[in-house]
Amino acid sequence: MAGKPDKNPLKALESIGKEVLAGLLDNMVKKDVLKLEESEKKKFNDAKPGDKAWVLVDAVRQKRHKVGQVLVQAFLNVDKNSTPTEEVAEPAESAQTTDTLKLCPHEEFLKLHKEMAGEIYPIKERMGRTRLALIICNREFDHLQVREGAELDITRMTELLVGLDYNVIVEEKLTAKEMESVLEAFAARPEHRSSDSTFLVFMSHGILDGICGTQHNDEKPDVLPYDTIFRIFNNRNCLSLKDKPKVIIVQACRGANRGELWVSDSPAPMADNSAQSPENLEDDAVYKAHVEKDFIAFCSSTPHNVSWRDRNKGSLFITQLITCFQKYSWRCHLEEIFRKVQLSFEKPHVRAQMPTTERVSLSRYFYLFPGN
């Protein structure tokens, strides 16, 4: 015969609840997730089981947000191996620097795809696409100083691009001619046909008109002109990337000025073109629109100015760029991400530089939708 049920089941439930809560509180204190002072820990451990909750409440009045996260994870058992401070909701904007790429929830991806159909660049299905990205980094030179810290830029940019689902090719220590050959070979890769975009990242010493090769000096320049990059990947020479975003990122000086002294980049006065026929001007415009399209270049500084690099941490521009991609690419289009990078440089600190977008011919918004 079964035993008689408890005459007061609520009392039994209350007793079980107290045991669970007491165990939870003891565990939180033992793991020091609430960062209590030693005196607070002693007061908690010396208290009677029924009083421990009140002792803890007094001790953590200033730690309410963190305690809330701990309790949610403990009762919902979100992840037994995760730390109490991990977020359980969808990605949210944070004021702190993170080292992780926030993924775009699939619902957000579908929503934007539907609401902005026709205004955003198409994204190919993850299973069939073959995205490629190229990083060219010159660290050591025959006549110029070593770019210390550049190895960190390579590692972190590679990690970012892999996280965005690009297969990354890294090339180092190249002359201008070798850079051009690498770019031509990359543009000819068959994977671009089943890709929806590409990234080209250049990290080297530089001058106003281009990127320095490893043999560069004042007497015998070794420079890859920016125009060469655009020519190799335009719609005449790289049909596989026609109508697809081609993102060029440049970490290089563009002159010797130090950023605090801004130099006008307005063009020199042009000769009077009034004698040219309207037909020629119209043809020229149409020609350029068709040949060079869907590009955006993001340079680490304005024309004529230097870019700064920390020997131990890497380039300031690359660091901020990666941080903004990690925080915002799940919900912002590319040009908005670049604007946030610029905003981070708005107030000059010890060293001043202002990243700038150039030769922008994107006709739509480019969303990366990480995770989709």
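Everything discussed here concerns the structure shown above.
Residues numbered from 1 in each chain as written. Predicted model: local features only at pLDDT ≥ 70, side-chain atom pairs only at ≥ 80, totals over all residues. Heavy atoms only, no water.

1. Side note on the environment of Asp 165
Point 1. Tracing the backbone shows Asp 165 in the loop between helix H6 (150-163) and strand S2 (167-172).
Point 2. With relative accessibility at 23%, the residue Asp 165 sits in the partly exposed group.
Point 3. Residues Asp 165 and Thr 130, spaced 35 residues apart in sequence, show a C-alpha to C-alpha distance of 8.6 Å.
Point 4. If near-sequence neighbours (up to four positions away) are discounted, Asp 165 is found in contact with Arg 126, Arg 129 and Arg 131. (Helix = DSSP H or I, 4+ residues; strand = E, 2+ residues; numbered from the N terminus. Buried < 20%, exposed > 50% of the residue type's maximum accessible area, 1.4 Å probe, protein only. Contact = heavy atoms within 4.5 Å.)

2. Brief notes about unusual backbone geometry
Negative phi values dominate among residues other than glycine, just as trans dominates among peptide bonds.
Point 1. Non-glycine residue Asp 165 carries a positive phi angle of around 75 degrees.
Point 2. Backbone geometry places Asp 294, a non-glycine residue, at a positive phi of 70 degrees.

3. Considerations on the sheet that holds strand S5 (residues 210-212)
Point 1. Sheet architecture is open: three strands sit in the order S4-S5-S6, paired in antiparallel fashion. Two strands lie at the open edges of the sheet, namely strand S4 (206-207) and strand S6 (223-225), each paired on one side alone.
Point 2. By the bridge criterion, three bridges tie S5 to S6 in an arrangement that is antiparallel. Paired with Cys 212 across the two strands is Val 223, which belongs to S6.
Point 3. Sheet strands in contact with helix H7 (residues 176-187) are S5 and S6, and its direction is about 40 degrees off that of S6. (Pairing = 2+ DSSP bridges. Axes fitted to C-alpha atoms, helices over the stretch in contact; angles between N-to-C directions.)

4. Considerations on the pattern of salt bridges
Point 1. One pass over the full model with this rule turns up 14 salt bridges.
Point 2. Note that Arg 131 is salt-bridged to Asp 196, the shortest N-O span being 2.8 Å. Residue Arg 131 is found in the loop between helix H5 (106-115) and strand S1 (132-137), and its partner Asp 196 is found in the loop between H7 and strand S3 (198-203); the two are separated by 65 residues along the sequence.
Point 3. Between Arg 339 and Glu 336 there is a salt bridge, with its nearest N and O atoms 2.7 Å apart. (Salt bridge = Lys/Arg side-chain N within 4 Å of Asp/Glu carboxyl O.)

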